[in-house]
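# Observations on the three-dimensional arrangement
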Amino acid sequence: MTAFRISEVASLLGVSADTVRRWIDSERLPARRDEQGHRIVSGADLAAFVRSPADRGGTASSSARNRLRGIVTEVVRDGVMAQVEIQAGPFRVVSLMSREAADELGLEPGVVAVGVIKSTNVVVELPQ
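This is a predicted model, so every value here is computed, not measured.

Right, let's talk about the sheet that holds strand β3 (residues 39–42) for a bit. Taken together, 3 strands build an open sheet; the order of strands is β1-β3-β2 and the sheet is antiparallel. The sheet is open, and its two edges are formed by β1 (3–5) and β2 (32–33), each paired on a single side. The strands touched by helix α3 (residues 43–51) within the sheet are β1 and β3, with β3 carrying the most contacts at an inclination of about 70 degrees.

So this is what it looks like as structure tokens:
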């Protein structure tokens, strides 16, 4: 059976090791100790955790399931459109939207935002 250490789980899910430890301590994510006493998570338990509908971010209901939380690194506006770049962990997400939408969301470098991806479209939301 595949098993992951806390640092590997954190890397796979794009969160900190402390977040994974909190999930384990609160029994939201099952873990056991290996021969060296390190906490490990089975691959099956990790897959079930990722698939679970448990609230991990407080977002509104949506059919889009791919959410990349990150920081806005660049916003290029012209008369009608805006190009918004988000760095979400190791991922660079670029969204094209109306300038009006970017202005209404207050998107500027340094703002925390969520890139919501469905098919080939990226919708930008602000976390609640």
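In this section: the pairing of β3. Of the two faces of β3, the one holding R39 and V41 and the one holding I40 and S42 are both buried throughout. Bridge count for β1 against β3 is 3 bridges, and the pairing is antiparallel. Considered in β3, the bridge of F4 is made with V41. Relative to β3, β2 runs antiparallel, the two being bridged by 2 bridges. Directly across from R32, in β3, lies its bridge partner I40.

Before going further, it helps to examine the pairing of strand β5 (residues 81–88). Where strand β4 (residues 66–77) and β5 come together, 6 bridges link them in antiparallel fashion. Across the sheet, the residue bridging to R77 is A82, located in β5. Linkage of β4 to β5, two consecutive antiparallel strands, is achieved through a turn of 3 residues. Alignment of β5 against strand β6 (residues 91–98), held across 8 bridges, turns out to be antiparallel. Along β6, the bridge assignment pairs Q83 with L96. In sequence, β5 turns back onto β6 through a hairpin of 2 residues, with G89 there showing a positive phi of about 60 degrees.

About the thresholds
Residues numbered from 1 in each chain as written. Predicted model: local features only at pLDDT ≥ 70, side-chain atom pairs only at ≥ 80, totals over all residues. Heavy atoms only, no water. Pairing = 2+ DSSP bridges. Helix = DSSP H or I, 4+ residues; strand = E, 2+ residues; numbered from the N terminus. Contact = heavy atoms within 4.5 Å. Axes fitted to C-alpha atoms, helices over the stretch in contact; angles between N-to-C directions. Buried < 20%, exposed > 50% of the residue type's maximum accessible area, 1.4 Å probe, protein only.

Geometry only, nothing functional implied.
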